[in-house]
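These are the residues of each chain, in order.
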Amino acid sequence: MDAIGSFANSTVALIVVLGIIIFFHESGHFLLAKAFGMRVFIFSFGFGKRLFGFKRGDTDYRVSLIPLGGYVKLEGEPDDAITEDTAPRGDGNDFLSRARWQRLIVYVAGPAMNAVLAVLTFTIIFMLGVGVLGVRYDVPTIGAIDPGSPAASAGLEPGDTITKFDGEPAEDWEQVQIGILMRPSRDISMEIARGPERLMKTMRARVIDGKMGDIGVFPLVRIGQVTKGSPAEAAGLRVEDGLLRVAGLPLQSFADVPAKVRAAGDKPITFEILRGHERLSIDIAPKEGRVGISEKFVIKKFGFARAVKEAFRETWDRTVQMVSLLKQLLTFRVAAKSALSGPIGIAQAAGEAARTGIVSILFLIALLSISVGVLNLFPMAPLDGGHIAVLLAEMVIRRDLSEKVKIVFMNAGFVLIMALMVFILYSDLSKLPWLSRFLP
């Protein structure tokens, strides 16, 4: 009964999470189409048979039987195989009669609304109180130094702790980093703790982006959690350990760690850590592309304005990470099996988030919304990115592509997406303990 109840909870959580994400995505297409005066026949929450709704103008606002997202039916929209046909009226308000730039914006609006959803959910999370990157409020210990930078020229070293910044006590990294950014082309003096020693260092901040200061230092990456039973726990890593190098390379942020671990496969990888004033070197063999550590976070609660600012920053950082992961997948630097999750994996994550609480659910919605937005921009039909690619090509050559070319492009994209879906489903099934032993 517990297994049945867990499955039911995970299924409900999956429906809610994906429903919200896809509904927001389709809302982007709907709102921009309406803004351009395009005729919208149907705006549906859910798929399949119409359950109930109302009609206003030309649009049928409905709730449909299958609550996994929604869809928009535009007059004259091409390649529509989901909704019922409605013949265009020939008055210029159909989708294909509009300028290419308008159609392109309508396609972009879907992924853009995924970004909006991510910002909204992250804003709520930061207002409720959530773990934020601990490094910003950590003691300003240097983890890595950019070669050839002012810090390197001044003799700063990884493991040094900044105790004073321009004569003032240095309390955390946020204070130090803001101070550096505000001092382009100015001398900065620091008191450095190196073990029992106290050293005075002076350096001139270089200018980046035309107006901000930089000296080329990066905060020490600290471990916030070690998963029980993980390779990291077995090797002896601890919470609060600082990561100096992984696989012989310095870290600019914790985001560098997963890529280095995945690149190692199942081979041992060397972690150089700082524990107090002691430097240690530990070899760890990853398991399924992971070693079982997570970044240090601290609980912070912000007002609305600060929460919005933090939400934009978090959305951007997560988007960059998602694009980087896709790049590594396409260049075969990361095993797809360890990096991708399908409906089973997402359902499990949704069920776990539902059991943990509202913040976990919101966090999952934000991450999946970013993933849906980024993946939909991939230039492969029938994704939004495929339609965008066709429109951009037509805008460059200043004429429509032939129907034959479009059909070949659409069919190729459909085959690739179906193959990817089969692979992801297989990957999901192979991770189930009771089934993995029966699969190759």
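Described below are features of the structure shown in this document. (Residues numbered from 1 in each chain as written. Predicted model: local features only at pLDDT ≥ 70, side-chain atom pairs only at ≥ 80, totals over all residues. Heavy atoms only, no water.)

### Overview of unusual backbone geometry
Note: most residues except glycine have negative phi, and most peptide bonds are trans.
Logical step 1: Positive phi outside glycine occurs at Glu240, with the angle close to 80°.
Logical step 2: Residue placement: Glu240 occurs in the loop between helix H5 (231-235) and strand E13 (242-246).
Logical step 3: The exposure class assigned to Glu240 is partly exposed, which follows from its relative accessible area of 36%.
Logical step 4: Of note in the backbone geometry, Glu288 takes a positive phi value of approximately 55° without being a glycine.
Logical step 5: By secondary structure assignment, the location of Glu288 is in the loop between strand E16 (278-284) and strand E17 (293-295).
Logical step 6: A relative accessible area of 56% places Glu288 in the exposed class. (Helix = DSSP H or I, 4+ residues; strand = E, 2+ residues; numbered from the N terminus. Buried < 20%, exposed > 50% of the residue type's maximum accessible area, 1.4 Å probe, protein only.)

### A few points about the pattern of salt bridges
Logical step 1: Scanning all chains against the criterion turns up 22 salt bridges.
Logical step 2: Of the charged contacts, one joins Arg50 and Asp60 as a salt bridge, the two residues approaching to 3.0 Å between their closest N and O atoms. With Arg50 in strand E1 (residues 40-56) and Asp60 in strand E2 (residues 59-74), this pair connects stretches of sequence that are 10 residues apart.
Logical step 3: Classification of Arg50 by relative accessible area gives partly exposed; the value is 34%.
Logical step 4: Because the salt bridges share partners, they merge into one network encompassing Arg136, Glu174, Arg306, Glu310 and Arg313. (Salt bridge = Lys/Arg side-chain N within 4 Å of Asp/Glu carboxyl O.)

### A short note on a nonpolar patch on the surface
Logical step 1: Judged by side-chain polarity, Leu51, Phe52, Leu65 and Ile66 come together as a nonpolar surface patch covering roughly 400 Å² of accessible area.
Logical step 2: Among the elements of the structure, E1 and E2 are those that each provide at least two residues to the nonpolar patch.
Logical step 3: Among the structural elements, Leu51 can be located in strand E1. (Patch = residues over 30% accessible without salt bridge, like charges linked within 9 Å, V, L, I, M, F, W, Y side chains within 5 Å. Areas by Shrake-Rupley, 256 points an atom, 1.4 Å probe, with all protein chains shown as cover.)

### So, helix H11 (residues 384-397)
Logical step 1: Compared with an ideal rise of 1.5 Å per residue, which puts 14 residues at 20 Å, H11 spans 20 Å between its outermost C-alpha atoms and is within 8% of the ideal.
Logical step 2: Turning to H11, its buried residues number three or more, namely Asp384, Gly385, Gly386, His387, Ile388, Val390, Leu391 and Glu394. (Expected span 1.5 Å × (residues − 1).)

### Comments concerning the pairing of E13
Logical step 1: With respect to burial, E13 is a largely interior element, 4 of its 5 residues being buried.
Logical step 2: Relative to E13, strand E12 (residues 221-226) is paired through 2 bridges, and the arrangement is antiparallel. Note that in E13 the partner of Arg222 across the bridge is Gly242.
Logical step 3: Note that E13 and strand E15 (residues 269-275) share 4 bridges and pair antiparallel. When the bridges of E15 are listed, Leu243 appears paired with Ile273.
Logical step 4: Bridge count between E13 and strand E14 (residues 249-250): 2 bridges; the pairing is antiparallel. Looking at E14, one finds that Val246 is bridged to Leu249.
Logical step 5: In this antiparallel pair of consecutive strands, E13 and E14, the connection spans 2 residues, and Ala247 shows a positive phi of 60°. (Pairing = 2+ DSSP bridges.)

### Observations concerning the pairing of E15
Logical step 1: With 5 of its 7 residues buried, E15 lies for the most part within the structure.
Logical step 2: Hairpin geometry of E15 and E16 is characterised by an intervening segment of 2 residues between the two adjacent antiparallel strands and by a positive phi of about 70° at Gly276.

### What to know about the side chain of Asp94
Logical step 1: With respect to the helices and strands, the residue Asp94 is situated in the loop between E2 and helix H2 (100-128).
Logical step 2: Buried charge Asp94 goes without a salt bridge, the closest partner of opposite sign being Arg39 at 6.7 Å.
Logical step 3: Within the structure, Asp94 has its side chain in polar contact with the side chain of Ser97 (distance 2.6 Å). (Lys, Arg positive; Asp, Glu negative; His and termini not counted. Polar contact = N/O pair within 3.5 Å; in protein donor to acceptor, adjacent residues only side chain to side chain.)

### Considering the packing of H2 against helix H10 (residues 358-376)
Logical step 1: Following both chains from N to C, one finds H2 and H10 inclined at 160°, their axes separated by 8 Å at the closest point. The orientation of H2 relative to H10 falls into the category roughly antiparallel. When you trace H2 past H10, the crossing you get is left-handed. Contacts between H2 and H10 involve Pro111, Asn114, Leu117, Ala118, Thr121, Phe122, Ile124, Ile125 and Leu128 on the former and, on the latter, Ile358, Val359, Leu362, Phe363, Ile365, Ala366, Leu367, Ser369, Ile370, Val372, Gly373 and Asn376. (Axes fitted to C-alpha atoms, helices over the stretch in contact; angles between N-to-C directions. Parallel < 35°, antiparallel > 145°, perpendicular 65-115°, else oblique. Left-handed = near helix turned anticlockwise from the far one by under 90°. Contact = heavy atoms within 4.5 Å.)

### Section: the sheet that holds strand E7 (residues 187-194)
Logical step 1: Pairing is antiparallel across the open sheet formed by 4 strands, whose spatial order is E6-E5-E7-E8. In this open sheet, the two strands that pair with only one neighbour each are strand E6 (168-169) and strand E8 (197-204).
Logical step 2: Across 4 bridges, the pairing between strand E5 (residues 161-165) and E7 is antiparallel. When the sheet's bridge partners are listed, Ile162 is paired in E7 with Ile192.
Logical step 3: On the sheet, helix H4 (residues 173-181) packs against E5, E6 and E7 and is oriented at approximately 60° with respect to E5.

Don't take any of this as a statement about function, it's just geometry.
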